[in-house]
Amino acid sequence: MTGAHHRQWQDRVTAGPGGAMTDEVGVITGPLTLCTTAVAGDLVRFDVQYEGADEWYTLSGSPLPHHGDPAALHAAALAAVRQGGAARAPGTAPA
């Protein structure tokens, strides 16, 4: 997740009731780490992991295009995960 064309933000967050929805394992709950990566091509990828774990999971709805500040999308993703309710990438609707 590093490189000249990547910008990355990472924070610890506690998922609210209903947790965060991932593509790989469904809903995850509890203390998590959220990593937001802006990649070449104006895409932002959101990955979450259980705090202290090795495995990363894709936050459902990720990646998505961005046309502004990817740091603001990271803040929005943190807020969504804190709220819970099977949180997805910012601006994406449940499938």
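Bear in mind that the values here come from a model prediction, so they are computed numbers and not experimental data.

J.: Give a description of the pairing of strand β5 (residues 43-50) that names residues and reports values.
T.: Here strand β4 (residues 31-39) pairs with β5 via 8 bridges, running antiparallel. Along β5, the bridge assignment pairs leucine 32 with tyrosine 50. Hairpin connection between β4 and β5: a loop of 3 residues separates the two successive antiparallel strands, and glycine 41 in this loop has a positive phi of roughly 95 degrees. Of the pairings in the sheet, the one linking β5 to strand β7 (residues 64-65) comprises 2 bridges and is antiparallel in character. Paired with valine 44 across the two strands is leucine 64, which belongs to β7. Sheet topology places β5 next to strand β6 (residues 57-58); 2 bridges connect them, and they run antiparallel. Note that in β6 the partner of valine 48 across the bridge is tyrosine 57.

J.: Residue-level account of the nonpolar core, with values.
T.: Val13, Leu32, Leu34, Phe46, Val48 and Val81 are the most contacted members of the largest nonpolar core, which totals 19 residues. Breaking this core down by element, the ones donating at least two residues are β4, β5 and α1 (70-83). Sorting elements by how many residues they give to this core places α1 first, with 5 residues. Beyond its immediate stretch of four places on either side in the chain, valine 48 contacts Thr22, Ile28, Thr33, Leu34, Glu55, Trp56, Tyr57 and Leu59.

J.: Describe in detail the pattern of salt bridges, supporting the description with residues and values.
T.: Taken as a whole, this structure holds 1 salt bridge when the rule is applied. Linking aspartate 47 and arginine 45 is a salt bridge whose minimum nitrogen-to-oxygen distance equals 2.9 Å. On the accessibility criterion, aspartate 47 (6% relative accessible area) is buried.

J.: For the side chain of glutamine 49, give the residues involved together with the corresponding values.
T.: Topologically, glutamine 49 is positioned in strand β5. Reaching out from glutamine 49, the side chain makes a polar contact with the backbone oxygen of alanine 53 at a distance of 2.9 Å. Not counting residues up to four positions away in its chain, the partners in contact with glutamine 49 are Pro31, Leu32, Thr33, Asp54, Glu55 and Trp56.

J.: I'd like to hear about α1, residue by residue, with values.
T.: Across its 14 residues, α1 extends 20 Å between first and last C-alpha, which sits within 8% of the 20 Å expected from 1.5 Å per residue. Among the residues of α1, those classed as buried are Pro70, Leu73, His74, Ala77, Leu78, Ala80 and Val81. The arc that holds the buried residues of α1, viewed along the axis, is 165 degrees, so those residues lie on one side. Turning to α1, the residues buried within the fold contact β1 (7-14), β2 (20-22), β4, β5 and β7. With a side-chain oxygen positioned 3.0 Å from the backbone nitrogen of alanine 71, the residue opening α1 is aspartate 69.

Rules of the game
Residues numbered from 1 in each chain as written. Predicted model: local features only at pLDDT ≥ 70, side-chain atom pairs only at ≥ 80, totals over all residues. Heavy atoms only, no water. Pairing = 2+ DSSP bridges. Helix = DSSP H or I, 4+ residues; strand = E, 2+ residues; numbered from the N terminus. Core = buried A, V, L, I, M, F, W, Y, C linked by side-chain atoms within 4.5 Å. Buried < 20%, exposed > 50% of the residue type's maximum accessible area, 1.4 Å probe, protein only. Contact = heavy atoms within 4.5 Å. Salt bridge = Lys/Arg side-chain N within 4 Å of Asp/Glu carboxyl O. Polar contact = N/O pair within 3.5 Å; in protein donor to acceptor, adjacent residues only side chain to side chain. Expected span 1.5 Å × (residues − 1). Arc of directions from axis to C-beta.

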